[in-house]
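Structural description and commentary
If you want the building blocks of each chain, they are given just below.
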Amino acid sequence: KNYNDKITQAQIETTKKYLNKNALRTVAILISREGIDKNSKIICKGILREQGQLMLTLSEKDLITMLENIRENNNKDIASEYMEILFDKFLLEIEK
């Protein structure tokens, strides 16, 4: 979906229903122009920690950065490297 506002708890809970370890669907990428709100980010961390399901969120700014990096470096792998950085940052933010 193309959300104009930040991703909220409602969108996280709806998306979580589509994730299922037995069906090998454990990752979702959510895109919103404004990113994710603070409480929803906390929920995403809890879902990963407790259920092993990853919901990575991208903002419009993230997409623009990836496209600019691809254009500047003429290398499409730059986008996947940027996603890895976002994933690593997300993992480092998870409380124990």
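Refer to the structure printed above.
Residues numbered from 1 in each chain as written. Predicted model: local features only at pLDDT ≥ 70, side-chain atom pairs only at ≥ 80, totals over all residues. Heavy atoms only, no water.

Quick look at the overall build of the protein chain now. Scanning the protein chain from terminus to terminus reveals four helices and two strands. Counting from the amino terminus, helix and strand elements in the protein chain follow one another as α-β-α-β-α-α. The C-alpha atoms of the protein chain give a radius of gyration of 14 Å, which matches the 12 Å a tight globule of 96 residues would have. Taking the principal axes of the C-alpha coordinates as reference, the protein chain spans close to 40 × 25 × 25 Å. For the protein chain, restricting intrachain contacts to residue pairs at least 6 apart in sequence, the fraction spanning at least 24 positions comes to 76%. When the accessible surface of the protein chain is split by element, carbon and sulfur atoms take 50% of a total near 6800 Å². Placing the 16 positive and 15 negative side-chain charges of the protein chain at their respective mean positions leaves the two points 6 Å apart. (Helix = DSSP H or I, 4+ residues; strand = E, 2+ residues; numbered from the N terminus. Rg over C-alpha atoms; globule rule 2.2 N^0.38 Å. Contact = heavy atoms within 4.5 Å. Areas by Shrake-Rupley, 256 points an atom, 1.4 Å probe, with all protein chains shown as cover. Lys, Arg positive; Asp, Glu negative; His and termini not counted. Charge placed at Lys NZ, Arg CZ, Asp CG, Glu CD.)

Here we come to the pairing of strand β2 (residues 54-59). Within β2, six of the six residues are buried, leaving the element largely enclosed by the surrounding structure. A two-sided burial pattern is seen for β2, the buried positions comprising Leu-54, Leu-56 and Leu-58 on one face and Met-55, Thr-57 and Ser-59 on the other. Summarising the sheet, strand β1 (residues 27-32) and β2 pair through six bridges and their orientation is parallel. Note on β2: the bridge partner recorded for Leu-30 is Thr-57. What joins β1 to β2 is helix α2 (residues 38-51), and the crossover it makes is right-handed. (Buried < 20%, exposed > 50% of the residue type's maximum accessible area, 1.4 Å probe, protein only. Pairing = 2+ DSSP bridges. Right-handed = clockwise from strand over helix to strand, strands pointing away.)

So, about the nonpolar core. Ile-12, Leu-30, Cys-44, Met-55, Met-66 and Phe-90 are the most contacted members of the largest nonpolar core, which totals 21 residues. Only β1, α2, β2 and α4 (77-93) provide two or more residues apiece to this core. With five residues, the single largest contributor to this core is α4. Filtering out sequence-adjacent residues up to four positions away, Cys-44 remains in contact with Ile-12, Ile-36, Met-55 and Phe-90. (Core = buried A, V, L, I, M, F, W, Y, C linked by side-chain atoms within 4.5 Å.)

On to the packing of helix α1 (residues 9-16) against α2, then. Packing of α1 against α2 leaves a shortest axis separation of 9 Å and a crossing angle of 25°. Overall, the two elements α1 and α2 adopt an arrangement that is roughly parallel. By crossing handedness, the relation of α1 to α2 is classed as right-handed. Mapping the contact onto sequence places Gln-9, Ile-12, Glu-13 and Lys-16 in α1 and Ser-40, Ile-43, Cys-44, Ile-47 and Gln-51 in α2. Residue composition of the contact of α1 with α2, by class: four nonpolar, three polar and two charged. (Axes fitted to C-alpha atoms, helices over the stretch in contact; angles between N-to-C directions. Parallel < 35°, antiparallel > 145°, perpendicular 65-115°, else oblique. Left-handed = near helix turned anticlockwise from the far one by under 90°. Nonpolar A, V, L, I, M, F, W, Y, C, P; charged D, E, K, R; others polar.)

With that settled, the discussion passes to unusual backbone geometry. Most peptide bonds adopt trans geometry, and most residues besides glycine take a negative phi value. The residue Leu-24 is not glycine, and still its phi comes out positive at about 60°. Taking the relative accessible area as the measure of exposure, Leu-24 reaches 75% and is therefore exposed. Even without glycine at this site, Asn-74 takes up a positive phi of about 50°. Along the chain, the position of Asn-74 falls in the loop between α3 (60-73) and α4.

From the geometry alone we can't say anything about function, so treat these as descriptive.
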